[in-house]
Amino acid sequence: MFTLEALMIACIFGFIYGFLLQKADFCFVASFRDWVSVRDTRVGKGMLVLMATAVLGWGIALTFGMGQASVAHIWSLDIGLTNLLGGFLFGIGMTIAGSCASGALYRAGMGYIQFWIVILAMLVGNVLFAYVYDPYAIDYVLEPLTWTDGITLYDVLPIPYLLLSALIVSLILVPTLLRFGWHGFWHGVKNTFQDFKDGNMLTKSHWDIRFVGFVMGVAATAQFVLLSSISITGPETRIAGTILSFIIGEEHILNNLYFSTLFAQHPTVGLGPEEFLVIFVIVGAFVSALLSKSFKIRVPRLNRLPYPIIGGLLMGIASRIAPGCNIANVVAGVGGLSVHSFIAMLGMACGIFVVTAYVFKMPIMLFQKDPFKM
């Protein structure tokens, strides 16, 4: 939808996501990396709440036919070993880079130069993939490793949408209840809203990550109903193509098979609502950081530069193989119960585990006491 209304809606959603991500320091790679390295479950809890909210939200939207919500609009792509391979490489890349795709955006908005480098490297990785896509990637990687067309559990299981989503959420909720009991569960729910008790919420430096996960899930559901499924690396690839078109010309972009496919729904090579959503994630994080007085230009030390460059390049390439990044697969993919996203998530978890457990042994940001300088 290329209308002013769609553009404004996309900017609002992007701003909300950036604001929320910054307030909770919500990085998807950290949810698994921190548990593997130091058994920290803070971010993991937020991610579970986000996934449960998205699944329930998609189920409600599909059941009542809200807006454009339908099984046909669920983000579900081809299934195969490409999902596992792309996810695995993406997991390695974001662990090396020190951030996931959405994490790089909100940290860029906070003034971290390192994550501007990650974003730039990802764009370069997107372009590199586009130019090896045909004939190399498609003939020797994507087609041979693809098994079947996209499948969503909503489409193949003879269970009402809302009941199926409730069953999936119960798979997340039941282990929590067994671990903490009803008393512990409700105590955790009450603690989620502790930040509201005193002070100005907008100026606080930190919000409970479970609350943020819930609100992000609601926002992503609203976006699915009103606009499209949330995505980061797909729009970033179109941003890369748009930038490149100013250098080599629009006709060269349209003559590239991969870019021409990505821009097929666009009136021309350029930025649409989804691309502005990505840009406004940075804007939202910037405003949030200003309000909490946590914005500061942070320049990485020279010996750290290989990490964002190598990690970002790998993320850019891997996101096209999987396809999709952490936020698209964890939110839109899980919310829509898309099989390819579950496979990609498994790959990401394996990639994060391998790098964290056997290479770095600990989160990369803990390597130095002062990894940034002014």
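Residues numbered from 1 in each chain as written. Predicted model: local features only at pLDDT ≥ 70, side-chain atom pairs only at ≥ 80, totals over all residues. Heavy atoms only, no water.

## Re the nonpolar core
Threshold: Definition used in this section: a nonpolar core is a set of buried Ala, Val, Leu, Ile, Met, Phe, Trp, Tyr and Cys residues joined via side-chain atoms within 4.5 Å. Only protein chains enter the area calculation, which uses a 1.4 Å probe; residues under 20% of their type maximum are buried, those over 50% are exposed, and those in between are partly exposed. Secondary structure elements follow DSSP: runs of H or I of four or more residues count as helices, runs of E of two or more count as strands, with numbering from the N terminus. Contacts: residue pairs with any heavy atoms within 4.5 Å of one another.
Core analysis: the biggest nonpolar cluster contains 79 residues, and Tyr 17, Phe 26, Trp 58, Tyr 154 and Met 216 have the highest contact counts within it. Per-element tally for this core: the top contributor is helix α3 (residues 42-63), with 10 residues. The residues touching Tyr 154, leaving out its near neighbours within four places in the chain, are Val 55, Trp 58, Gly 59, Leu 62, Val 71, Ile 74, Tyr 161, Leu 164, Ser 165, Gly 335, Gly 336 and Leu 337. If you look at the next biggest cluster of nonpolar residues, it comprises 17 residues, including Tyr 133, Ile 138, Leu 244 and Leu 262.

## A short note on the pattern of salt bridges
Quick note on the threshold: The term salt bridge refers to a side-chain nitrogen of Lys or Arg lying within 4 Å of a carboxyl oxygen of Asp or Glu.
Here the structure, examined in full by the defined rule, presents four salt bridges. As a salt-bridge pair, Asp 25 and Arg 107 come within 3.4 Å of each other at their nearest N and O atoms. Note that Asp 25 is positioned in the loop between α1 (4-24) and α2 (28-38) and Arg 107 in helix α5 (residues 101-109), a separation of 82 residues in sequence. Judged by its relative accessible area of 12%, Arg 107 is buried.

## A word on the packing of aromatic side chains
Keep this limit in mind: Between rings of Phe, Tyr and Trp, where Trp is taken as its six-membered ring, a pair exists when centres lie within 6.5 Å; planes separated by under 30 degrees are stacked, by over 60 edge-to-face, and by other angles tilted. Criterion for a charge above a ring: Lys NZ or Arg CZ within 6 Å of the ring centre, and within 35 degrees of the ring normal.
Considering all chains together, one arrives at 14 aromatic pairs under this definition. Over the aromatic face of Phe 115 sits the side chain of Arg 107, whose NZ or CZ is 5.4 Å from the ring centroid. Residue placement shows Arg 298 over the ring face of Tyr 112; its charged tip is 4.4 Å from the ring centre.

## Observations concerning the environment of Asn 329
Selection rule: In protein, a polar contact requires one atom able to donate a hydrogen and another able to accept it; more generally it is a pair of N or O atoms within 3.5 Å, and residues adjacent in sequence count only if both atoms are side-chain atoms.
Turning to its location among the elements, Asn 329 is positioned in helix α15 (residues 326-335). The spacing of Asn 329 and Phe 342 is 13 residues in sequence and 7.5 Å in space, taken between C-alpha atoms. Other than its neighbours up to four places away in sequence, Asn 329 contacts Trp 75, Pro 323, Gly 324, Val 334, His 340, Ser 341, Ala 344, Met 345 and Met 348. A distance of 2.8 Å separates a polar atom in the side chain of Asn 329 from a polar atom in the side chain of Ser 341.

## Topic: α5
Of all nine residues in α5, nine are buried; the element is thus mostly enclosed. Regarding α5, the residues found buried are Ala 101, Ser 102, Gly 103, Ala 104, Leu 105, Tyr 106, Arg 107, Ala 108 and Gly 109. Positive phi appears at Gly 111, one or two residues downstream of α5, with a value of about 105°.

## Quick look at the packing of helix α6 (residues 113-142) against helix α14 (residues 306-321)
Put simply, the rule reads: Note on geometry: axes are C-alpha line fits, over the in-contact stretch for helices, and angles between N-to-C directions span 0 to 180 degrees. With respect to orientation, any angle under 35 degrees is reported as roughly parallel, any angle over 145 as roughly antiparallel, any angle of 65 to 115 as roughly perpendicular, and every other angle as oblique. In this scheme, a crossing is called left-handed if the near helix is turned counterclockwise away from the far one by less than a right angle; it is called right-handed if the turn is clockwise. When residues are grouped by polarity, Ala, Val, Leu, Ile, Met, Phe, Trp, Tyr, Cys and Pro land in nonpolar, Asp, Glu, Lys and Arg in charged, and all others, Gly among them, in polar.
Between α6 and α14, the shortest axis-to-axis distance is 6 Å and the interhelical angle comes to 40°. One finds that α6 runs oblique with respect to α14. For α6 against α14, the interelement crossing comes out right-handed. Within the contact between the two elements, α6 uses Gln 114, Ile 117, Val 118, Ala 121, Met 122, Val 124, Gly 125, Asn 126, Leu 128, Phe 129 and Leu 142 and α14 uses Pro 308, Ile 309, Gly 312, Leu 313, Met 315, Gly 316, Ile 317, Ser 319, Arg 320 and Ile 321. Considering only residue class, the contact of α6 with α14 consists of 14 nonpolar, six polar and one charged.

## Let's talk about the environment of Leu 173
With respect to the helices and strands, the residue Leu 173 is situated in helix α8 (residues 161-192). According to the relative accessible area criterion, Leu 173 is partly exposed, its value standing at 31%. C-alpha separation for the pair Leu 173 and Val 49, spaced 124 residues apart in sequence, amounts to 9.3 Å.

## Quick look at a nonpolar patch on the surface
We apply this condition: Patches here are clusters of residues that have more than 30% relative accessible area and form no salt bridge, with a 9 Å joining cutoff for like charges and a 5 Å cutoff for nonpolar side chains (Val, Leu, Ile, Met, Phe, Trp, Tyr). Here the open area of atoms and residues is found with the Shrake-Rupley method and a 1.4 Å probe, where only the protein chains shown may cover a residue.
Taken together, the side chains of Leu 56, Ile 60, Phe 64, Met 66 and Leu 162 make up a nonpolar region of the molecular surface, amounting to roughly 410 Å² of accessible area. Among the structural elements, Leu 162 can be located in helix α8.

## Looking at α8
Applicable threshold: The span expected for a helix works out to 1.5 Å for each residue beyond the first. Note on bend: at a given residue it equals the angle between the axes fitted to the 7 residues ending there and to the 7 starting there.
Helix length check: α8 (32 residues) gives 28 Å between terminal C-alpha atoms against 46 Å at 1.5 Å per residue, more than 12% under. In the structure, α8 departs most strongly from a straight axis at Gly 181, where the bend amounts to approximately 105°. The complete set of buried residues in α8 reads Leu 164, Ser 165, Ile 168, Val 169, Leu 177, Gly 188 and Thr 192. As for α8, its buried residues are in contact with α3, α7 (153-156) and α9 (209-226).

## As for the side chain of Thr 237
Mapped onto the elements of the fold, Thr 237 is located in helix α10 (residues 233-248). Among the residues examined, Thr 237 registers a relative accessible area of 0% and is labelled buried. In this structure the side chain of Thr 237 is engaged in a polar contact, spanning 3.4 Å, whose partner is the side chain of Asn 126. Setting aside residues up to four positions removed in sequence, Thr 237 forms contacts with Asn 126, Tyr 258, Phe 259, Leu 262 and Arg 320.

## Some thoughts on unusual backbone geometry
Put simply, Asp 134 and Pro 135 share a cis peptide bond, and its omega is 15°. Relative to the assigned elements, Pro 135 resides in helix α6. Of the consecutive residues Ala 322 and Pro 323, the connecting peptide bond is found in the cis state with omega at -15°. Secondary-structure assignment places Pro 323 in the loop between α14 and α15. Backbone geometry at Lys 293 places phi at a positive 60°, although glycine is not the residue there. Note that Lys 293 resides in the loop between α13 (273-291) and β3 (299-300). With a relative accessible area of 78%, Lys 293 lands in the exposed category. One non-glycine residue, Leu 337, lies in the positive phi region at around 50°. Mapped onto the elements of the fold, Leu 337 is located in the loop between α15 and α16 (339-360).

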